[in-house]
Amino acid sequence: MEQYLQVGVISSTHGIRGEVKVYPTTDDVSRFKKLKKVILDTGKEQRSLEIEGVKFFKQFVILKFKGIDHINDIEKYKGKPLMVAREQAVTLARDEYFVADLIGLLAITDEGEELGTLVDVLETGANDVYVIGTPDHKELLLPAIKECILDVDMEGRKLLVHLMSGLR
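Reading the values: rules and limits
- Per chain, residue numbering runs from 1 following the sequence as it is written.
- Since the coordinates come from a predicted model, pLDDT governs what is reported: local features require at least 70, and pairs of side-chain atoms require 80 or more to be given and counted, while whole-chain, interface and lining totals use all residues.
- Side-chain metrics in this entry use all non-hydrogen atoms of the structure; hydrogen atoms and water are not considered.
- Only buried Ala, Val, Leu, Ile, Met, Phe, Trp, Tyr and Cys residues count toward a nonpolar core, and they belong to the same one when joined by side-chain atoms within 4.5 Å.
- Note on exposure labels: buried denotes an accessible area under 20% of the residue type's maximum, exposed denotes more than 50%, and partly exposed covers the range between, all computed with a 1.4 Å probe on protein chains only.
- Only DSSP runs of H or I covering at least 4 residues are called helices, and only runs of E covering at least 2 are called strands; the numbering of each starts at the N terminus.
- Any two residues having at least one pair of non-hydrogen atoms within 4.5 Å are treated as being in contact.
- Using a 1 Å grid laid over the protein atoms alone, points where a 1.4 Å probe fits but cannot get out form a cavity; open sets with protein on both sides within 12 Å along at least 5 of 7 lines form a pocket; any residue with an atom within 4 Å of a point counts as lining.
- Grid points are joined across faces, edges and corners, and a volume is the space filled by probe spheres set on the points.
- Here the nonpolar group is Ala, Val, Leu, Ile, Met, Phe, Trp, Tyr, Cys and Pro; Asp, Glu, Lys and Arg are the charged ones; every other residue, Gly included, is treated as polar.
- Whether two aromatic rings pair depends on their centres lying within 6.5 Å, for rings of Phe, Tyr and Trp, where Trp uses its six-membered ring; planes under 30 degrees apart make the pair stacked, over 60 edge-to-face, and the rest tilted.
- Our definition puts a charge over a ring when NZ of Lys or CZ of Arg is within 6 Å of the ring centre and also within 35 degrees of the ring normal.
- One requirement defines pairing of two strands: DSSP has to find at least two bridges between them.
- Axis geometry follows a simple rule: fit a line to the C-alpha atoms, using only the stretch in contact for helices, then measure angles between N-to-C directions, giving values from 0 to 180 degrees.

A. The nonpolar core, seen in detail. With 18 residues, the main nonpolar core has Val 22, Val 38, Leu 63, Phe 65 and Leu 82 as its most contacted residues. Sorting the residues of this core by element identifies β1 (4-14), β2 (19-24), β3 (37-41), β4 (46-57), β5 (60-65) and β6 (81-85) as the ones contributing at least two each. The element contributing the most residues to this core is β5, with three residues. In this structure, Leu 63 is in contact with Gly 18, Glu 19, Val 20, Val 22, Phe 32, Ile 51, Gly 53, Val 54 and Leu 82, ignoring residues within four places of it in sequence. Judged by nonpolar contacts, the second largest core, of 16 residues, contains Cys 148, Ile 149, Val 152 and Met 154.

Quick look at the structure:
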């Protein structure tokens, strides 16, 4: 399991006083109001940033970090993810999982056939879609619905699936 979970990505600067527009990658955008700090993953290091201000604009969250008061101090971090420690993660309901924890699960059919590894989760309007990378380097798309995803075994790192007709 991942130690840190992504809550957003810095998309651009906002004004000249060091604020940034963040594209949220969390289901609960209002959680930014409660966050005191985030971890900026620069690719080379992880930097803890204290949140000084939060505003909302269209689909973005506008963040102001303590000690970053000029556009030049933050501009270089465009496109970089913002993370939180797992302890700060939102509480999940039963049968809900963090995408980061699902990645890498082995998908096995209810008939015992190994399909491949879960490589991505696509968020559609109706339901999520699990992308399974097959051994022959193709992708199999499975809707994340109870009729198709029978069981998620996080400890065993397995996903039990039923291949409904037309899914292959």
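Resuming the write-up.
B. A look at the layout of surface pockets. By volume, the largest pocket is sized at about 1200 Å³. Taken together, 36 residues make up the lining of the largest pocket; nearest its centre are Asp 27, Tyr 97, Phe 98, Val 99 and Asp 128. Looking at the lining of the largest pocket, the elements with two or more residues in it are β1, β2, β6, α3 (99-102), β8 (114-123), β9 (128-133) and β11 (149-153). Per-class residue counts for the lining of the largest pocket are 23 nonpolar, three polar and 10 charged.

C. Main features of the packing of aromatic side chains. Considering all chains together, one arrives at one aromatic pair under this definition. Between Tyr 23 and Phe 60, the ring centres sit 6.5 Å apart and the planes meet at 70°, which makes this aromatic pair edge-to-face. Of this pair, Tyr 23 sits in strand β2 while Phe 60 is found in strand β5, placing the two residues 37 residues apart along the sequence. Using a relative accessible area of 44% as the deciding quantity, one classes Tyr 23 as partly exposed. In this structure Phe 60 comes out as buried when scored by relative accessible area, which is 17%. When the ring centre of Phe 60 is taken as origin, the NZ or CZ atom of Lys 21, which lies over that ring, is 5.5 Å away.

D. Summary view of the sheet that holds β1. Strand order in the closed barrel formed by six strands is β1-β2-β5-β4-β3-β6, and the pairing between neighbours is antiparallel. When the angles between neighbouring strand axes are averaged without regard to direction, this sheet yields 50°. Across five bridges, β3 lies against β4 in antiparallel orientation. Its bridge partner lying in β4, Lys 37 is registered against Glu 50.

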